[in-house]
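Residue-level structure breakdown
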Amino acid sequence: MIKEFSFQWHITDFCNLRCRHCYQENFDRSRELPFEKLVHIIEDIATFLKKEGFDRLSVNLTGGEPLIYPHLNQILKTLNKVDIVHEINIITNGILSPNKVIEESYEKLKYIKVSLEGAKEETNDLIRGRGNFQRVVGNLKNLRYDFLFMFTIAKYNYRELDDMYRLAQTLGAKGFILERFIPIGEGLKIKDMVLGSDEWYEVVDRVATWADLAPEDLLPYRAFYIDFEENRILGALCNLGESCAIMPNGDVYPCRRFPIVLGNLTNESFSDVYERILKFRAEFTKDNLKGKCHLCNVEDCIGCRALSFSLFSDIFEEDYQCWIKD
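Here is a short report on the structure shown in this document. Not measured: the values here are computed from a predicted model.

What about the overall build of the chain?
- A count of helical and extended segments in the chain gives 10 helices and 11 strands.
- Viewed in the frame of its principal axes, the chain has a C-alpha envelope of about 55 × 45 × 40 Å.
- Across the 326 residues in the chain, those meeting the buried criterion constitute 57%.
- Sequence-distant contacts in the chain: of pairs separated by 6 or more residues, those separated by 24 or more amount to 68%.
- By element, 46% of the accessible surface of the chain is carried by carbon and sulfur atoms, the whole surface being about 14,700 Å².
- One way to put it: in the chain the 41 positive side-chain charges average out to a point 3 Å from where the 51 negative ones average out.

The structure is reproduced here in structure tokens:
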């Protein structure tokens, strides 16, 4: 069995948009590290993972907006040379064309992941700003790189799922990802847009029809990847313990939607932080979880701890979006 770790690397807070659902509160360059520090971080992580018998490392570069980060190509070159790195992806808002920013073909660069908030111009631009939809779609024409769409699902767009499917196919995406809106950062201002349990059920029910499954088959999954290339739909379980998020200043979160600092890679080794990542994940046993999550007998499901923390300031509270009745 392949042993793999992944992390989402926020190399900058700086961004050319101010999306209403954004997880950030700060949008400047004050937390950016010198490039040499970034090299140290990736070398430290790679060395530790190889020593521990990991086979692969996957890295998602994002921000802020990574395509306006001045050292992006240097980071890509560095990651491309690290033997344990299996896959690099870039998560972007699509305002800039990757063709004009990425200087060469990097062997390990798999996908450009482009964020949209709906399949309709008016839905997307409500969150990302007027003109965003048309500009992003225009930048995808003649794109030299394979790309995916990323949709964050909330009350304002969850009824557009079939339209999202068609849009991704029409524009030549290799697939698309559906993730749930967690209100942190700027997103706290639209906290009322979090899906309720019945609305999340509608989302899962629709995805289930695409996969010829029952909604109950998809209950444990927190996100979905509709893969056009392999003609399959993959559900993502909570990956606490198997991944992390690294912020521009080196802080490590258990995941991007879970803003609890487990360490900092500018003054600690990844080996120390990794132990905390595992310890943090181990806290979420059925005995510790509350409400319906405490009583749930669905294997491998701990609900969404980030959502519980965001809504109730309690990492053990039951999953607000679970549709199982008491």
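From this point, the discussion proceeds with the structure in view.
A short note on the layout of surface pockets
- Of the voids in this model, the second largest pocket is the one considered here, and its volume is about 280 Å³.
- What lines the second largest pocket is a set of 17 residues, among which Tyr23, Glu25, Gly185, Tyr253 and Pro259 lie closest to the centre.
- Of the residues in the lining of the second largest pocket, the class split is 8 nonpolar, 5 polar and 4 charged.

Description of the environment of Gln321
- Within the secondary structure, Gln321 sits in the segment after helix H10 (305–312).
- Sequence-wise, Gln321 and Asn93 are 228 residues apart; in three dimensions their C-alpha atoms are separated by 27 Å.
- Residues contacting Gln321, with those up to four places away along its chain left out, are Arg180, Val194, Leu195, Ser197, Trp200 and Leu307.
- A polar atom in the side chain of Gln321 sits 2.6 Å from the side chain of Arg180.

Comments concerning the pattern of salt bridges
- Following the criterion strictly, the structure yields 18 salt bridges and no others.
- A salt bridge links Arg31 to Asp13; the shortest N-O distance between them is 2.8 Å. With Arg31 in the loop between strand E1 (4–10) and helix H1 (35–51) and Asp13 in the loop between E1 and H1, this residue pair connects regions lying 18 residues apart in the sequence.
- Residue Arg31 is classed as partly exposed on the basis of its relative accessible area of 24%.

Reading the values: rules and limits
- Residues numbered from 1 in each chain as written.
- Predicted model: local features only at pLDDT ≥ 70, side-chain atom pairs only at ≥ 80, totals over all residues.
- Heavy atoms only, no water.
- Helix = DSSP H or I, 4+ residues; strand = E, 2+ residues; numbered from the N terminus.
- Buried < 20%, exposed > 50% of the residue type's maximum accessible area, 1.4 Å probe, protein only.
- Contact = heavy atoms within 4.5 Å.
- Areas by Shrake-Rupley, 256 points an atom, 1.4 Å probe, with all protein chains shown as cover.
- Lys, Arg positive; Asp, Glu negative; His and termini not counted.
- Charge placed at Lys NZ, Arg CZ, Asp CG, Glu CD.
- 1 Å grid on protein atoms, 1.4 Å probe; cavity = no way out; pocket = protein on both sides within 12 Å on 5 of 7 lines; lining within 4 Å.
- Points joined across faces, edges and corners; volume = space filled by probe spheres on them.
- Nonpolar A, V, L, I, M, F, W, Y, C, P; charged D, E, K, R; others polar.
- Polar contact = N/O pair within 3.5 Å; in protein donor to acceptor, adjacent residues only side chain to side chain.
- Salt bridge = Lys/Arg side-chain N within 4 Å of Asp/Glu carboxyl O.

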